[in-house]
Amino acid sequence: MKFIYFVGLVVVVVSAFGIEKSAYGATNACGKSSPDNEAMKLAPCAVAAQDEKAAVSDSCCLQVKKIGQNPSCLCSVLLSNTAKSSGIKPEIAITIPKRCNFENRPVGYKCGPYTLP
């Protein structure tokens with residue numbers, strides 16, 4: 001049930017903010033897609049991004065790996081309004097690449113006030 005609530009909330013927030021930003025053609029860390037739009041792809045990570053002891057699903061790891069190819073984008077997504085409003089805790093979410101056992105993760109990369117482990 002929490003997952004359905006999370007997805008619904010993400011859709012509402014992105015609809016409210018994402019369309020307006022894309023209308024201006026602004027560029028950002030995630031290229032043509034806004035961090036809020038990219039945050040929608042992290043729906044499978046909802047529980048893992050709120051509880052450091054929760055298992056990280058394969059689908060979550062796959063999405064984080066795709067977005068994390070650009071560490072700047074990953075940080076923007078984790079610190080986005082959509083992520084914040086959905087209850088994601090950035091200090092926990094930044095641990096997901098390590099919890100997914102990514103060998104080539106950007107260890108030490110500064111992500112706002114946080115550092116990727």
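Use the structure listed above.
All values reported here derive from a predicted model rather than from experimental measurement.

1. Topic: the nonpolar core
One broad trend across soluble globular proteins is that nonpolar side chains are buried collectively. Membership of the largest hydrophobic core comes to 25 residues, with the highest contact counts inside it found for L42, V56, V64, V77 and I96. Contributions of two or more residues to this core are made by α3 (58-67) and α4 (71-78). In terms of residue count, the dominant contributor to this core is α4 (five residues). Ignoring any residue separated from it by four or fewer positions in sequence, one finds I96 in contact with C45, A48, A49, V56, C60 and V64.

2. A short note on the side chain of E38
Mapped onto the secondary structure, E38 falls in helix α2 (residues 35-40). Using a relative accessible area of 9% as the deciding quantity, one classes E38 as buried. Setting aside chain neighbours within four positions, we find E38 in contact with C30, S33, I67, C73 and V77.

3. Looking at the state of the cysteines
Applying the stated rule across the entire model yields four disulfides. Between C30 and C73 runs a disulfide, and the two sulfur atoms are separated by 2.0 Å. Since a negative S-S torsion denotes a left-handed disulfide, the C30-C73 link at about 100° is right-handed. Taken together, the residues C30 in the loop between α1 (2-23) and α2 and C73 in helix α4 connect sequence positions 43 residues apart.

4. Section: α3
Within α3 the residues assigned to the buried category are C60, C61, Q63, V64 and I67. Summarising the axial view, the buried residues of α3 lie within an arc of 165°, below the 170-degree limit, and thus occupy one face. Within α3, the exposed residues directed more than 90 degrees away from the buried face are D58 and K66. On the buried face of α3, the contacting elements are α2, α4 and α7 (96-99).

Rules behind the numbers
Residues numbered from 1 in each chain as written. Predicted model: local features only at pLDDT ≥ 70, side-chain atom pairs only at ≥ 80, totals over all residues. Heavy atoms only, no water. Core = buried A, V, L, I, M, F, W, Y, C linked by side-chain atoms within 4.5 Å. Buried < 20%, exposed > 50% of the residue type's maximum accessible area, 1.4 Å probe, protein only. Helix = DSSP H or I, 4+ residues; strand = E, 2+ residues; numbered from the N terminus. Contact = heavy atoms within 4.5 Å. Disulfide = S-S within 2.5 Å. Arc of directions from axis to C-beta.

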